[in-house]
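As a plain string of letters, each chain reads:
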Amino acid sequence: MDSTHNLNDNRIADAWATLHAHSDSGNALQSEAYRLAFADPEFLTRRETRGVRMQLEMLKPDLDQQAQGIENTVVVYGSARFLAPDEAAALLHAAETAGEPAAIAAAQLKVKNAYYYEQARLFARLVATDSEARPKEERLYICTGGGPGIMEAANRGAHEVGALNVGLNIALPHEQSGNRFITPSLSFKFHYFALRKMHFMMRAKALVAFPGGFGTLDELFELLTLVQTGKSKRVPIVLFGKSFWTRVVDFEVLVEEGTISAADLKLFHITDDPQDAWDTIQDFYRLTD
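First, a word on what this report is: a plain description of the structure on this page. (Residues numbered from 1 in each chain as written. Predicted model: local features only at pLDDT ≥ 70, side-chain atom pairs only at ≥ 80, totals over all residues. Heavy atoms only, no water.)

Some thoughts on the packing of aromatic side chains
As a reminder, the rule being used: Two aromatic rings, drawn from Phe, Tyr or Trp (for Trp, its six-membered ring), form a pair once their centres lie within 6.5 Å of each other, and the interplanar angle then sorts them: stacked below 30 degrees, edge-to-face above 60, tilted otherwise. Exposure categories follow from relative accessible area, calculated using a 1.4 Å probe and restricted to protein chains: below 20% of the type maximum is buried, above 50% is exposed, and the middle band is partly exposed.
Inspection of every chain in the model, using the stated rule, returns 8 aromatic pairs. Between Y115 and Y116, the aromatic rings sit 5.2 Å apart at their centres with planes inclined by 70 degrees, giving edge-to-face as the arrangement. Using a relative accessible area of 38% as the deciding quantity, one classes Y115 as partly exposed. Ring pairing ties together the aromatic residues F82, Y115 and Y116, which thus form one cluster.

Looking at unusual backbone geometry
With glycine set apart, most residues show a phi of negative sign, and most peptide bonds adopt trans. Residues other than glycine seldom take positive phi values, yet R286 does so here, at roughly 55 degrees. By relative accessible area, which is 69% here, R286 ends up exposed.

Structural notes on the sheet that holds strand β2 (residues 141-144)
Keep this limit in mind: Strands were regarded as paired on the criterion that DSSP finds at least two bridges between them. Starting at the N terminus, helices and strands are each numbered in turn, a helix being any DSSP run of H or I of at least four residues and a strand any DSSP run of E of at least two. To get an axis, a line is fitted to the C-alpha atoms, and for a helix only the part in contact is used. The angle between two axes follows their N-to-C directions and goes from 0 to 180 degrees. Here, two residues are considered to be in contact whenever any of their heavy atoms come within 4.5 Å of each other.
The sheet built from 7 strands is open, its strands ordered β4-β3-β2-β1-β5-β6-β7 with parallel pairing. Of all the strands in the sheet, the pair left with one neighbour each is β4 (187-190) and β7 (269-271). The average undirected angle you get between the axes of adjacent strands in this sheet is 25 degrees. Both strand β3 (residues 166-170) and β4 contribute to a ladder of 4 bridges, which runs parallel. The residue bridging G167 from the neighbouring strand is S187, located in β4. Contacts from helix α5 (residues 101-132) reach β1 (73-77), β2, β5 (204-209) and β6 (237-240), with the element oriented near 145 degrees to β2. Of the strands in this sheet, β1, β2, β3, β4 and β5 touch helix α7 (residues 193-203), which is tilted by about 165 degrees from β3.

A look at the pattern of salt bridges
How we decide: Any Lys or Arg side-chain nitrogen found within 4 Å of a carboxyl oxygen on Asp or Glu counts as a salt bridge.
Scanning the model with the defined rule gives 12 salt bridges in all. Here E152 and R180 are joined by a salt bridge, their closest N and O atoms 3.9 Å apart. One end of the pair, E152, is in helix α6 (residues 150-160); the other, R180, is in the loop between β3 and β4, with 28 residues separating them in the sequence. Between E222 and K197 there is a salt bridge, with the nearest N and O atoms lying 2.9 Å from each other. Here K197 lies in helix α7 and E222 lies in helix α8 (residues 214-228), a separation of 25 residues in the sequence. Given a relative accessible area of 34%, E222 falls into the partly exposed group.

What to know about helix α11 (residues 274-284)
Formally: What the arc covers is the set of directions going from the helix axis to the C-beta atoms. Counted as a polar contact is a pair of N or O atoms within 3.5 Å, where, for protein atoms, one must be capable of donating a hydrogen and the other of accepting one, and residues adjacent in sequence contribute only when both atoms are in side chains.
Inspection of α11 places P274, A277, W278, I281 and Q282 among the buried residues, and these make up the whole buried set. The arc that holds every buried residue of α11, seen down its axis, measures 130 degrees, which confines them to one face. For α11, the elements touching its buried residues are β1, α5, β5, β6 and β7. By the N-cap criterion, in which a side-chain oxygen at the helix start approaches the backbone nitrogen of a residue two or three places on, α11 is capped by D273, the distance to Q275 being 3.2 Å.

Considering the packing of helix α3 (residues 50-67) against α7
This is how the line gets drawn: In this scheme, roughly parallel covers angles under 35 degrees and roughly antiparallel covers those over 145, while 65 to 115 is roughly perpendicular and the rest are oblique. By convention, the crossing between two helices is left-handed when the near helix turns anticlockwise from the far helix through less than a right angle, and right-handed when the turn is clockwise. Side-chain classes are defined by residue name, with Ala, Val, Leu, Ile, Met, Phe, Trp, Tyr, Cys and Pro counting as nonpolar, Asp, Glu, Lys and Arg as charged, and the others, Gly among them, as polar.
Relative orientation of the contacting elements α3 and α7 amounts to 30 degrees, with a least axis distance of 10 Å. Relative to α7, the element α3 lies roughly parallel. When you trace α3 past α7, the crossing you get is right-handed. Residues M54, E57, M58, P61, D62, Q65 and Q66 of α3 form the contact with α7, whose own contacting residues are L195, M198, H199, M202 and R203. Along the lines of polarity and charge, the residues of the contact of α3 with α7 split into 6 nonpolar, 3 polar and 3 charged.

Points about the pairing of β2
Condition: A crossover counts as right-handed when, viewed with the strands pointing away from the observer, the path leading from the first strand over the helix to the second turns clockwise.
In β2, alternate side chains face the same way, and those of Y141 and C143 on one face and I142 and T144 on the other are all buried. Of the strand pairs in this sheet, β1 and β2 are connected by 4 bridges, and their pairing is parallel. Residue pairing for β2: T73 is matched across the bridge by Y141. In this fold, the crossover linking β2 to β3 by way of α6 has right-handed handedness.

Here it is in structure tokens:
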């Protein structure tokens, strides 16, 4: 009897996988009223079932993280375009060998920005190493957007010391997948940006924003707005890279123009030191005792 139950369970799972693959390949399925609703991708991807899909996208990562003890995270944002130092150096060497000025200039910028990749990796190592030695309820886990660049660097730093780490990836028009350093059982893929944003915030006890583009700025200013308006509890917000952030955003001008108050400048801390970034978070939660 037990083997029959297991066989039936497997058949349902296999049927779903087959139907989903058929739908993803662009082959429309014939209408099948008798098909189980939860095993019918054509039904689940209709406009009318969007609410159900959003509920599932909220629930699945939440349950999986609960089951693995992930309650508190340090979210790391930053550019997906930055390379690891060795990769950037190899790119520059190839460009110099080819003797192409434009390629050399682009590669030199990659080498410059690889500094931030290394700093993100070192920061994540600090968080993971210190947290692993603390009681379970005080542990902080690295969480990123799951992609390449700074996200990969942070996941890598935690992975290198054997710590669990989270990746919240997003389905985009161009091919991408979670980076190889995310703990496999904590590598999630989202369709809805809004649900992904909520998952960043649900467990975030701190945010560290490295230099990045539109996505990084979007996430940073959304959190600053939530904290400023009291919609979210105060958490440490660290901007890493003084030369970058002071050029990209002149926060003092916002104060001068009256669009924010001087007190709002205390909502974040700017630094160039991974240890200082981690100390800022530890001091906020009095974890340095």
